[in-house]
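Examination of the molecular architecture
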Amino acid sequence: DDIAQELKAIVGDGKVMTGLAVREQHAKDESYHGDADGLFPPQAVVFPSNTEEVAAVVKICNAASIPIVASGACTSLEGHLAALKGGINLNFR
């Protein structure tokens, strides 16, 4: 996919994950939502290394109207990790 290639050009090949296991890991947190409503994984998980990479990823996603879900340790109690409208997960861990 073109967007995935653009993201890889920014953060590097090994920092854009599209495998189901990684995407599901970033869709589940400590809230009850995943158990009650099912998982809503993102289409990709991106691991930026610095502010410049974050800004570049956000710019690409904004231009393509791709939603962004931010995460860290994936321990949310509120269910905010669910990518209800698809998009990418930006992991700041």
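Above this text sits the structure in question.
Described in the following lines is the structure provided in the data block. (Residues numbered from 1 in each chain as written. Predicted model: local features only at pLDDT ≥ 70, side-chain atom pairs only at ≥ 80, totals over all residues. Heavy atoms only, no water.)

Take the nonpolar core next. Ranked by size, the top nonpolar core spans twelve residues in total: Ile-3, Leu-7, Val-11, Val-16, Ala-44, Val-46, Val-57, Ile-60, Cys-61, Ile-66, Ile-88 and Leu-90. Breaking this core down by element, the ones donating at least two residues are α1 (2–11), β2 (44–46), α4 (51–63) and β4 (88–91). In this structure Ile-3 touches Ile-60, Ala-64 and Ile-66, once residues within four positions along its chain are discounted. (Core = buried A, V, L, I, M, F, W, Y, C linked by side-chain atoms within 4.5 Å. Buried < 20%, exposed > 50% of the residue type's maximum accessible area, 1.4 Å probe, protein only. Helix = DSSP H or I, 4+ residues; strand = E, 2+ residues; numbered from the N terminus. Contact = heavy atoms within 4.5 Å.)

Once that is clear, we can look at the pairing of β4. Neither face of β4 is left uncovered, since the one carrying Ile-88 and Leu-90 and the one carrying Asn-89 and Asn-91 both have all their residues buried. Alignment of β2 against β4, held across three bridges, turns out to be parallel. If you follow Val-45 over to β4, its bridge partner there is Asn-89. Summarising the sheet, strand β3 (residues 68–71) and β4 pair through four bridges and their orientation is parallel. Note that in β4 the partner of Ile-68 across the bridge is Ile-88. (Pairing = 2+ DSSP bridges.)

Looking now at α1. Residues separated by three or four positions in an α-helix point in the same direction, a consequence of the helix having 3.6 residues per turn. Of all the positions in α1, only Ile-3, Ala-4, Leu-7 and Val-11 are classed as buried. Down the axis, α1 shows its buried residues gathered within 100 degrees of arc, on one side only. Exposed positions of α1 whose direction lies more than 90 degrees from the buried face are Asp-2 and Ala-9. Buried residues belonging to α1 abut β1 (16–17), β2, α4 and β4. Following α1 by one or two positions, Gly-12 adopts a phi angle in the positive range, close to 105 degrees. (Arc of directions from axis to C-beta.)

On to the side chain of Glu-53. Mapped onto the elements of the fold, Glu-53 is located in helix α4. Buried charge without a salt bridge: Glu-53, with Lys-15 as the nearest opposite-charge side chain at an N-O distance of 4.9 Å. Those residues in contact with Glu-53, other than ones at most four positions away along the chain, are Ile-10, Val-11, Phe-47 and Pro-48. (Lys, Arg positive; Asp, Glu negative; His and termini not counted. Salt bridge = Lys/Arg side-chain N within 4 Å of Asp/Glu carboxyl O.)

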